[in-house]
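# Examination of the molecular architecture
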Amino acid sequence: MKALIVGGGIGGLTTALSLHAAGIECCVYESVVSLRALGVGINLQPNAVRELCELGLGEQLAETAIETSTLAYFNKHGQLIWSEPRGRAAGYNWPQYSIHRGELLMILLAAVRARIGADNIRTGHHFSSFQQDGDGVAAHFTDRGSGAAVVARGDVLIGADGIHSTVRAQLYPREGKPVFAGLIEWRGALEAEPFLDGRTQVMIGHYNQRSIIYPISGQAERNGRSLINWLTLLADRGDGAERENWDRKIGQERFFDQFSDWNFPWIRLADLIRGTAEVFEYPMCDRDPVPRWSFERVTLLGDAAHAMRPVGSQAGSQGIVDARVMAHALAGATDPIAGLADYERRRLPAMNDVLLRNRQYGPEIVMQMAEGRAPGGFANIEDIIPRRELEEVSLSFKQAAGFDTNTVNTQPSLNVGRAAS
């Protein structure tokens, strides 16, 4: 069996590693000419870390990332609503990691080059279309360097090409643009003094005005510092937003005034924003759930399959799990079509559920509950939200997303074929 993977991001590269471990030949086609360590932070939940460790990447992650100890929610006044241990501190057999997205990509890229060979990573190949028949699938690309047309044949085609997936567009030609969430986000990162214990992820505010902050560098931690990733969000109709521009550098005047007094005793967010040299703007978007990902020999993965709002730190982690489940399904199937159908059966219902939950705030609903019940603040959080209610919100989302402690610790391994090497 040979698989053609469209997209050399986190999901596509994890798919390549997973297929290789299952003994399935594959080739990655990426539109950009050079894969580089771009972006800011990403959180990897224990269900995703488990899969990356089974691929032999545990040591690199531990060296590069921050092992997250705690997740904490605060209201806009900096008062604690809810906190819980994360990763191994919460009883998982694997940690939760916060890591620079570009560093994670480089870890995956190095492993793919070493295991399947650099010749099987075709950068500068822009996907245009596919045709399939009883014998396989043909994918058409344009070489961005020469302009030449390139045709590749394989047994399956995997669209891991993100929220603007061209593979998905051929499967769903009338779908149109991503769905704007009515929120604009701004992101940045800078080195500073650690906050709290130096390993905590915090969320502050409420749905229409909030911030997410966490450290992302093991090297900075070893130097007694913290590379702090911050993200702020504000409600916006998006009339002036360039929704198709996903990495636009902007000035702080676009949003800073509404966070200018968010300096709290335990973190000085306004000062962090002021000190950040480069700030990037993103419109928050997702896509509506679709009834199918797999069409005979062609399927979707990660954001191409279930682009979701950045709620609950799920998008990147679920793409990694997609890749592992797909490789397991293909390795155990009687034919590629049956394997892709099994992958869809195992993943699509849960991911569509999480996608819709994220539109209803996901676990971050506790901040909205606090804002709605006590907009001026509170003396004791349990006077407005009983602890039992907070616990139920947290557990319900974990169970829906498949990363509650029991599921992650007890589910059978997805490792197939030879050991990662």
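Scroll up to find the structure this text is about.
Rules used in this analysis
Residues numbered from 1 in each chain as written. Predicted model: local features only at pLDDT ≥ 70, side-chain atom pairs only at ≥ 80, totals over all residues. Heavy atoms only, no water. Helix = DSSP H or I, 4+ residues; strand = E, 2+ residues; numbered from the N terminus. Rg over C-alpha atoms; globule rule 2.2 N^0.38 Å. Buried < 20%, exposed > 50% of the residue type's maximum accessible area, 1.4 Å probe, protein only. Contact = heavy atoms within 4.5 Å. 1 Å grid on protein atoms, 1.4 Å probe; cavity = no way out; pocket = protein on both sides within 12 Å on 5 of 7 lines; lining within 4 Å. Points joined across faces, edges and corners; volume = space filled by probe spheres on them. Nonpolar A, V, L, I, M, F, W, Y, C, P; charged D, E, K, R; others polar. Axes fitted to C-alpha atoms, helices over the stretch in contact; angles between N-to-C directions. Core = buried A, V, L, I, M, F, W, Y, C linked by side-chain atoms within 4.5 Å. Expected span 1.5 Å × (residues − 1). Phe/Tyr/Trp six-rings, centres within 6.5 Å; stacked < 30°, edge-to-face > 60°. Lys NZ or Arg CZ within 6 Å of the ring centre and 35° of its normal. Pairing = 2+ DSSP bridges.

### What to know about the overall build of the protein chain
A count of helical and extended segments in the protein chain gives 13 helices and 21 strands. Whereas a compact globule of 421 residues would reach a radius of gyration of roughly 22 Å, the protein chain reaches 21 Å, a difference of no more than 12%. When its C-alpha atoms are laid out on the principal axes, the protein chain stretches across 65 × 45 × 45 Å. Taking all 421 residues of the protein chain together, the buried fraction comes to 56%. Excluding contacts between residues fewer than 6 apart, the proportion of contacts in the protein chain whose partners are at least 24 apart in sequence is 74%.

### Quick word on the layout of surface pockets
By volume, the second largest pocket is sized at about 230 Å³. Around the second largest pocket, the lining is made up of 15 residues, and of these Val321, Val325, Arg347, Gly402 and Gln411 lie nearest the centre. Secondary structure elements with two or more residues in the lining of the second largest pocket: helix H2 (46-54), helix H9 (315-331), helix H10 (336-359) and helix H12 (387-401). Considering each element in turn, the lining of the second largest pocket owes the most residues, four residues, to H10. Of the residues belonging to the lining of the second largest pocket, the class tally is seven nonpolar, five polar and three charged.

### Side note on the packing of helix H11 (residues 365-373) against H12
Two elements in contact, H11 and H12, have axes separated by 10 Å at closest approach and are oriented at 150°. For the pair formed by H11 and H12, the contact residues are Ile365, Val366, Met369 and Arg373 on the first element and Glu389, Leu390 and Val393 on the second.

### Quick word on the nonpolar core
Of all hydrophobic cores here, the largest spans 80 residues; its most connected members are Leu19, Leu44, Leu52, Leu104 and Leu157. In this structure Leu157 touches Leu4, Val6, Phe127, Phe130, Val137, Ala139, Arg297, Val298 and Thr299, once residues within four positions along its chain are discounted. Counting residues in each nonpolar core, the second largest holds 30 residues, with Ile163, Leu190, Ala192 and Phe195 among its members.

### Comments concerning H9
Helix length check: H9 (17 residues) gives 25 Å between terminal C-alpha atoms against 24 Å at 1.5 Å per residue, within 8%. With respect to burial, H9 is a largely interior element, 13 of its 17 residues being buried.

### Quick look at the packing of aromatic side chains
Between two aromatic rings, the relevant description is the distance of the centres plus the angle of the planes. Counting across every chain of the model gives 13 aromatic pairs. Taking the centre distance of 4.9 Å and the plane angle of 15° together, the rings of Trp186 and Phe255 count as stacked. Taken together, the residues Trp186 in strand E13 (residues 179-192) and Phe255 in the loop between strand E17 (248-250) and strand E18 (263-264) connect sequence positions 69 residues apart. Its relative accessible area of 2% is what places Trp186 among the buried residues. Its relative accessible area of 2% is what places Phe255 among the buried residues. A ring pair is formed by Phe259 and Trp262, whose centres lie 4.9 Å apart and whose planes are at 80°; its orientation type is edge-to-face. The structure contains a cluster of three or more aromatic residues connected by ring pairs, namely Phe74, Trp186, Trp230, Phe255, Phe259, Trp262, Phe264 and Trp266. Residue placement shows Arg292 over the ring face of Phe295; its charged tip is 4.1 Å from the ring centre.

### Regarding helix H4 (residues 101-116)
With 16 residues, H4 ought to run about 22 Å at 1.5 Å a step, and its terminal C-alpha atoms sit 22 Å apart, in line with that. Listed as buried for H4 are Gly102, Leu104, Leu105, Ile107, Leu108, Leu109, Ala111, Val112, Arg115 and Ile116.

### Let's talk about empty space enclosed by the protein
Scanning all chains against the criterion turns up one cavity of 30 Å³ or more. Counted as a void, the largest cavity has a volume near 130 Å³. The wall of the largest cavity is formed by 19 residues, among which Leu71, Tyr73, Glu84, Arg86 and Pro363 lie closest to the centre. For the lining of the largest cavity, the elements supplying multiple residues, two or more each, are strand E5 (70-74), strand E6 (80-85), strand E14 (200-206) and H12. Considering every element that reaches the lining of the largest cavity, the biggest residue donor is H12, with five residues. Looking at the lining of the largest cavity residue by residue, the class counts come to 10 nonpolar, six polar and three charged.

### Points about unusual backbone geometry
Of note in this structure, Glu296 is not a glycine but carries a positive phi near 60°. Position of Glu296 relative to the elements: it lies in the loop between strand E20 (279-286) and strand E21 (298-300). On the basis of relative accessible area, Glu296 is assigned to the partly exposed category, the value being 46%. With phi around 85°, Tyr361 is a residue other than glycine that occupies positive phi space. Looking at the secondary structure, you find Tyr361 in the loop between H10 and H11.

### Topic: the sheet that holds strand E1 (residues 2-6)
Read from one edge to the other, the open sheet built from five strands follows the order E8-E2-E1-E12-E21, with strand pairing classed as parallel. With partners counted over all chains shown, the strands left at the sheet margins are strand E8 (121-122) and E21, one partner each. Alignment of E1 against strand E2 (residues 25-29), held across five bridges, turns out to be parallel. Bridging from a neighbouring strand, Ala3 pairs with Cys26 of E2. Against the sheet, H10 contacts strand E12 (156-159) and E21, and its axis sits at roughly 20° relative to E21.

### Here we look at the sheet that holds strand E11 (residues 149-154)
If you trace the three strands from one edge of the open sheet to the other, you get E9-E10-E11, paired in antiparallel fashion. The open sheet has two edge strands with one neighbour each: strand E9 (125-133) and E11. Averaged over all pairs of adjacent strands, the angle between strand axes in this sheet comes to 25°, irrespective of strand direction. Of the strand pairs in this sheet, strand E10 (residues 136-143) and E11 are connected by six bridges, and their pairing is antiparallel. The residue of E11 that forms the bridge with Phe141 is Val150.

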